[in-house]
Structures are given as structure tokens and as C-alpha cells.
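So you can see what is in the structure, the chains are spelled out below.
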Amino acid sequence: MNQILITEKIYVTPELRRKKKIYKVLFVLSIFIIITLFSIYIYAEYDRNKEENISKNIMSFIEEQDNTTISEQENALIVKITQDATLNAEEYNQDDEVNSYGATATYTAPNGKTYDYIGRIAIPKIKIDYPILATTSEELLKVSICKFHGGNPNEVGNLCIAGHNYRRKGRFFSDVDQLVIGDIIEITDLSKRTLQYEIYDIHTVVPEDRSDTTQVTNGKKEVTIITCTDDSKQRIIVKCREKI
């Protein structure tokens, strides 16, 4: 007995054509969005690496100065007195002993742009070593760790320094959340003196809370590290005091 195979003819309706066009447009659009986002990410990483390379150049410059004689340093190093305009002293309690002046050294990049710095910070536990730029701005925070408020490195008072949390191991203050009370940070000033500071408190605050930047330290030398939490909603505060 013969079997007759009948295939149904699929009719392409106007509605089906319309849906196919929509699917094609959405597919092309999604590919475009993915490529755009990927390009933005690549450019952001390139920009971050380029800016961070400046801090490495500054570190190399500092190390070169450490290896030169005093007479050579006088010709190579520009030291000047600058005013810290990063924060208005009126924002703080009148009891604060705000020291807004300090010595800075200047590094001139190959493109002619200059960067003032006041020393360097090293945190052995999380393996970072960066120059401390003399002031804070969005542009400078992409380059290195920055002085946010306070006096000079290794002097009586509270040196407050800020750095980005890029949530990437080994970059700026991204690994600060791994620190615990008792860990050591090292601050080197322009006279090449290195002091150790021991962490005595770690906590988080809202961005508007600046109470930890007070300069009332009862005659002690302190350092306050400031960075963002991973969700950027709060600030991680790491309080350190000179290790005696």
C-alpha cells in the first residue's frame, strides 16, 4: 500500500515577517551594545594603566634622588612651600590644629606636566608602594595616592591620605580591606626618613563624615587612610599611629 507523504506548506504571513525584522534589529543592537561596552572597558583599563604608570615614573624618580649626592639633588629636585587647598579649614572644628603648609618636591613628566609629591607610602602586607601626591583631585587620584588633609609626613598631627579602590588586587588601596589592627604601614618623607605606623582602628563611615580627619592627636604622629568600600557607598577608614 502506497503511503503518500504530504508536507504542509508554511505560509509566511506579514506578522511573521514583522517579527523577523524585529528580531534581526534586536540582535544587531545587542551586538552593538556588547561591542560598545567592551570598548569602553578596554579604554578605561588603558587609561587607568597609563595614569598609574606616572606614579611608577615618580617612584623611579624618587629612587634616583635617593642615589644621588646632596649637591646633585640641589640641581635635580625642586622643593617649595605650598598651601594645601584640598579642603577648607572652615569645614573642621576650630579646635583642629590644621597645618596647611609643607614642603613638596616636583616631578616633571616627559610631556611637560608636573606633579608635586610629599613622600611615599608602603604597606608591606598588601605589597604596595606609591608616591604621595601633595593634593587631591579626581585627576590626581587616577595617578597615585593623594594627601587629603593634614600636615606633613612624619610630623605631629594627622596626615590623611586618600586612594581609589579599583577592586583589583595590588592597585592603589584596593586591598585595604585585608588589613587588620596591628598591621604596619611605612611613610617616607622628603628627607628620606621612614617611620612605621601601626593600625589601631578600622571602620567605615558615610562620605560626608570627616571627623576622622581631625588634627587633634595629643602630640602624636598619626596617619589616616581613606578609600571607598567595594560598592562605593561608604568610606573605609584605617587609623594608624607611630610605632614606638
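All of these numbers come straight from a predicted model, not from anything done at the bench.

About the thresholds
- Residues numbered from 1 in each chain as written.
- Predicted model: local features only at pLDDT ≥ 70, side-chain atom pairs only at ≥ 80, totals over all residues.
- Heavy atoms only, no water.
- Helix = DSSP H or I, 4+ residues; strand = E, 2+ residues; numbered from the N terminus.
- Buried < 20%, exposed > 50% of the residue type's maximum accessible area, 1.4 Å probe, protein only.
- Contact = heavy atoms within 4.5 Å.
- Pairing = 2+ DSSP bridges.
- Salt bridge = Lys/Arg side-chain N within 4 Å of Asp/Glu carboxyl O.
- Core = buried A, V, L, I, M, F, W, Y, C linked by side-chain atoms within 4.5 Å.
- Patch = residues over 30% accessible without salt bridge, like charges linked within 9 Å, V, L, I, M, F, W, Y side chains within 5 Å.
- Areas by Shrake-Rupley, 256 points an atom, 1.4 Å probe, with all protein chains shown as cover.
- Lys, Arg positive; Asp, Glu negative; His and termini not counted.
- Charge placed at Lys NZ, Arg CZ, Asp CG, Glu CD.
- Phe/Tyr/Trp six-rings, centres within 6.5 Å; stacked < 30°, edge-to-face > 60°.
- Lys NZ or Arg CZ within 6 Å of the ring centre and 35° of its normal.

**Q** Hey, could you run me through the overall build of the protein chain in this one?
**A** Scanning the protein chain from terminus to terminus reveals 3 helices and 10 strands. For the protein chain, the succession of helices and strands along the chain, N to C, is α-α-β-β-β-β-α-β-β-β-β-β-β. The burial tally for the protein chain puts 39% of its 244 residues in the buried class. Here the contacts in the protein chain between residues at least 6 apart in sequence split such that 60% fall between residues at least 24 apart.

**Q** Can you walk me through the environment of Ile-237 in this structure?
**A** Structurally, Ile-237 can be placed in strand β10 (residues 235-242). Of the residues examined, Ile-237 reaches a relative accessible area of 3% and is grouped as buried. In this structure, the C-alpha to C-alpha distance between Ile-237 and Asp-177, residues 60 residues apart in sequence, is 9.7 Å. Discounting residues that sit within four places of it in the chain, Ile-237 has contacts with Asp-201, Ile-202, His-203, Val-205, Asp-212, Thr-224, Ile-225 and Ile-226.

**Q** Which parts of the structure should I look at to understand the pairing of strand β6 (residues 157-162)?
**A** Consecutive residues of a regular strand have side chains that alternate between opposite faces of the sheet. Of all 6 residues that make up β6, 6 are buried, and the element is covered over most of its length. Burial along β6 is two-sided: the residues Gly-157, Leu-159 and Ile-161 and Asn-158, Cys-160 and Ala-162 are all buried. As paired elements, β6 and strand β9 (residues 221-228) share 6 bridges and run parallel to each other. By the bridge assignment, Cys-160 is partnered in β9 with Thr-224.

**Q** Sorry if this is basic, but what is going on with the pattern of salt bridges here?
**A** Pairs may arise between side chains of opposite charge once their charged atoms sit close together. Applying the stated criterion across every chain yields a total of 5 salt bridges. Its salt-bridge partner being Lys-113, residue Glu-139 comes within 1.9 Å of it at the nearest N-O pair. Separated by 26 residues along the polypeptide, Glu-139 in helix α3 (residues 138-141) and Lys-113 in the loop between β2 (101-108) and β3 (114-123) bring together distant segments of the chain. Glu-139 sits in the partly exposed class, given a relative accessible area of 43%. Classification of Lys-113 by relative accessible area gives partly exposed; the value is 35%.

**Q** What am I meant to see in the nonpolar core here?
**A** Within soluble globular proteins, side chains that are nonpolar tend to cluster in buried spots. Core analysis: the largest hydrophobic core is formed by 26 residues, its most contacted members being Ile-121, Ile-123, Ile-161, Phe-173, Ile-185 and Ile-225. Going through the elements one at a time, β3, β4 (128-133), β6, β7 (184-189), β8 (194-205), β9 and β10 are the ones with two or more residues in this core. Formed by 21 residues, the second largest nonpolar core is a distinct cluster that contains Met-59, Ala-109, Val-143 and Ile-237.

**Q** Looking at this model, I keep getting lost on a positive patch on the surface. Mind explaining?
**A** Side chains of Arg-17, Lys-20, Lys-21 and Lys-24 sit close together on the surface and give a patch of like positive charge. Tracing the chain through its elements places Arg-17 in helix α1 (residues 14-66).

**Q** Just checking my understanding: could you explain the packing of aromatic side chains for this structure?
**A** With the rule as written, the count across this model stands at 2 aromatic pairs. Residues Tyr-130 and Phe-172 carry aromatic rings whose centres are separated by 5.0 Å and whose planes lie at 70° to one another, so their mutual orientation is edge-to-face. Here Tyr-130, found in strand β4, pairs with Phe-172, found in the loop between β6 and β7; they are 42 residues apart in sequence, far enough to count as distant. Side by side, Tyr-130 and Phe-172 carry an identical accessibility label, which is buried. Arranged with centres 5.7 Å apart and planes meeting at 40°, the rings of Tyr-166 and Phe-172 form a pair that is tilted. Looking at Tyr-166, the relative accessible area reads 15%, which means it is buried. Taking the relative accessible area as the measure of exposure, Phe-172 reaches 1% and is therefore buried. Members of the aromatic cluster, joined through ring pairs, are Tyr-130, Tyr-166 and Phe-172. We note Arg-171 situated over the ring of Tyr-166; from NZ or CZ to the ring centre the distance is 5.5 Å.

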